[in-house]
Amino acid sequence: MTIYLDNAATSFPKPESVYQALDQLARTSLANPGRAGHKMALAAERTLDDCRHLLNQFFHGKDPERWIFTLNGTDALNMAFKGILNDGAHVVTTDLEHNSVSRPLRALELAGRISLTRVHADGSGTVDPDAVRSAIQPGTRLIAVTHASNVLGTVQPVAEIGRIARERDIPFLVDAAQTAGVIPIDIQSMNIDLLAFPGHKSLFGPTGTGALYVGPQAKLRPWREGGTGGDSSSETQPRELPYYLEGGTPNVLGIAGLAAGVRYVQERGLDSIHAHEMDLVERLWRYLESKSLRVFGHRDPTRRVATISFACDTLGAAELGGILDESFDIAIRPGLHCAPYIHRSLGTFPEGAVRVSPGPFNTAEDIDALTAALDEILL
Ligand SMILES: Cc1ncc(COP(=O)(O)O)c(C=O)c1O
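Computed from a prediction, not measured in an experiment: that's the story for all the values here. (Residues numbered from 1 in each chain as written. Predicted model: local features only at pLDDT ≥ 70, side-chain atom pairs only at ≥ 80, totals over all residues.)

Quick look at the environment of Arg 106
Here comes step 1: Tracing the sequence through the fold places Arg 106 in helix 4 (residues 99–110).
Here comes step 2: Each C-alpha atom, one on Arg 106 and one on Leu 116, is 7.8 Å from the other, the two residues being ten residues apart in sequence. (Helix = DSSP H or I, 4+ residues; strand = E, 2+ residues; numbered from the N terminus.)

Here's what the structure looks like:
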């Protein structure tokens, strides 16, 4: 049985209730939603509505209709960038970002459509809100920041940055891929206008799920247009949220699983999940430190999530990852983790580092199996 320590990529296993929800929906009401449809279509529509209500309550959004279901985190982020940015806009972002933020922004910059300022994180992987403030220009139309680095696990001061964004009346986007389901997020008190995340990581939905929250301050054009199951007579996309942004048949099955995943997190509690994961991180950190391996990011459990990266001077990350997989059946993630800018600033580009990301179903024994394997590999 694989020891799975790659939850920052996607969570595995899912809670039992998620498997049950998927099975039940697939067998009873996996119809195409439609507000004017038959009973099964209405049941499918209800599945989506229930999940929108749940997300809105969990993340303290303004209205359930403001939750747009997406394919994954990348889709949510692209929907936000392509929907909100006009030619000539300036965007402030950071060097901690995942490629799903960096690449769409860089492509728009290379096309001469926007300008970009990338604020650097400090040596331990945290962005200073004052540096964000200093990067703002008269033409700044968006501040886009990750809530936690997917390489270092460091949690960013989004409430402070949100305050700055609101003072300047600039829309604020948070990529919560690594925090949704482990760190409390209050959209309204943190002044977040756009919140993007995958459903398949710490919220325990299946792959193929994600969401974008669109606040009243964020005016988005639809990135894709098409059928909505609603007003078919209109020649263009109906203006009403969520349908304005949600063209096409949604992933009803995945969303049923996502709702069960969110309920699991609510029942187990964010604090208890985070505390469990931090115990595992600390256990691993103590070992890595004892072996003088280079560990990145800061150790303070109140300011991090369970993603821990390290480098070994005698063996490359890819090789180490390959041996752990092939010889020990331990799944970790070597490489650049789709975040090349932060690896450049850590000095680990292009080889990357070894990333270990335990989840709520991992145990101390899993970490001990990893450290025993590292003992054998590194002698
Ligand atoms: C910080 C961060 N943002 C965005 C994403 C993209 O999410 P997805 O893979 O669901 O598109 C990831 C995924 O690893 C991530 O870690």
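Some remarks on the sheet that holds strand 10 (residues 308–311)
Here comes step 1: Strand order in the open sheet formed by four strands is 9-10-13-12, and the pairing between neighbours is antiparallel. On the outer flanks of this sheet lie strand 9 (294–295) and strand 12 (333–335), each paired with one strand and no other.
Here comes step 2: Two strands pair when backbone bridges link them, and strand 12 and strand 13 (residues 353–356) are joined in this way by three bridges, in the antiparallel orientation. Looking across to strand 13, one finds that Pro 334 is bridged to Val 354.
Here comes step 3: Packing against the sheet, helix 8 (residues 270–290) makes contact with strand 9, strand 10 and strand 13, and its axis sits at approximately 10 degrees to strand 10.
Here comes step 4: Contacting strand 10, strand 12 and strand 13, helix 9 (residues 317–328) crosses the sheet at an angle of about 155 degrees to strand 12. (Pairing = 2+ DSSP bridges. Contact = placed C-beta atoms within 7 Å. Axes fitted to C-alpha atoms, helices over the stretch in contact; angles between N-to-C directions.)

Some words on the site of the ligand
Here comes step 1: Taken together, 13 residues lie near the ligand, and Asn 72, Gly 73, Thr 74, Ala 177 and Pro 198 sit nearest.
Here comes step 2: Class assignment for the residues of the shell around the ligand results in three nonpolar, nine polar and one charged. (Near = placed C-beta within 6 Å. Nonpolar A, V, L, I, M, F, W, Y, C, P; charged D, E, K, R; others polar.)

Observations concerning the domain arrangement of the protein chain
Here comes step 1: Assigned domains of the protein chain: these are domain 1 (3–11 + 269–378) and domain 2 (16–267).
Here comes step 2: Once you take the C-alpha centre of each, domain 1 and domain 2 turn out to be 27 Å apart.
Here comes step 3: Across the contact, 26 residues belong to domain 1 and 30 residues belong to domain 2.
Here comes step 4: Looking at the side of domain 1 that touches domain 2, its residues break down into eleven nonpolar, eleven polar and four charged. (Domains from an automatic or database assignment.)

Thoughts on the packing of helix 8 against helix 11 (residues 364–378)
When two helices pack together, their arrangement is given by the angle between their axes and by how far apart the axes lie.
Here comes step 1: In contact at an axis separation of 9 Å, helix 8 and helix 11 are set at 20 degrees when each is read in the N-to-C sense. For the element pair helix 8 / helix 11, the angle class is roughly parallel. For the element pair helix 8 and helix 11, the recorded crossing hand is right-handed. Taking contact as the criterion, the partners of Leu 280, Arg 283, Leu 284 and Tyr 287 in helix 8 are, on helix 11, Ala 364, Ile 367 and Thr 371.
Here comes step 2: Counted by class, the contact of helix 8 with helix 11 contains five nonpolar, one polar and one charged residues. (Parallel < 35°, antiparallel > 145°, perpendicular 65-115°, else oblique. Left-handed = near helix turned anticlockwise from the far one by under 90°.)

Quick word on the pairing of strand 13
Moving residue by residue along a regular strand, the side chains alternate between the two faces of the sheet.
Here comes step 1: What you see with strand 13 is no split at all: Ala 353 and Arg 355 on one side and Val 354 and Val 356 on the other are buried throughout.
Here comes step 2: Bridge count for strand 10 against strand 13 is three bridges, and the pairing is antiparallel. When the sheet's bridge partners are listed, Phe 310 is paired in strand 13 with Val 354. (Buried ≥ 20, exposed ≤ 12 C-beta atoms within 10 Å, placed from the backbone.)

Description of the sheet that holds strand 7 (residues 194–198)
Here comes step 1: Across the sheet, seven strands lie side by side as 2-8-7-6-5-3-4; this open sheet has mixed pairing. Every interior strand has two partners, whereas the edge strands, strand 2 (67–70) and strand 4 (114–119), have only one. In this sheet, adjacent strand axes meet at a mean angle of 20 degrees when their direction is disregarded.
Here comes step 2: Across four bridges, strand 2 lies against strand 8 (residues 210–214) in antiparallel orientation. Across the sheet, residue Thr 70 finds its bridge partner in strand 8, namely Gly 210.
Here comes step 3: Across the sheet, helix 4 touches strand 3 (89–94), strand 4, strand 5 (140–146) and strand 6 (172–175), and the angle it forms with strand 4 is around 140 degrees.

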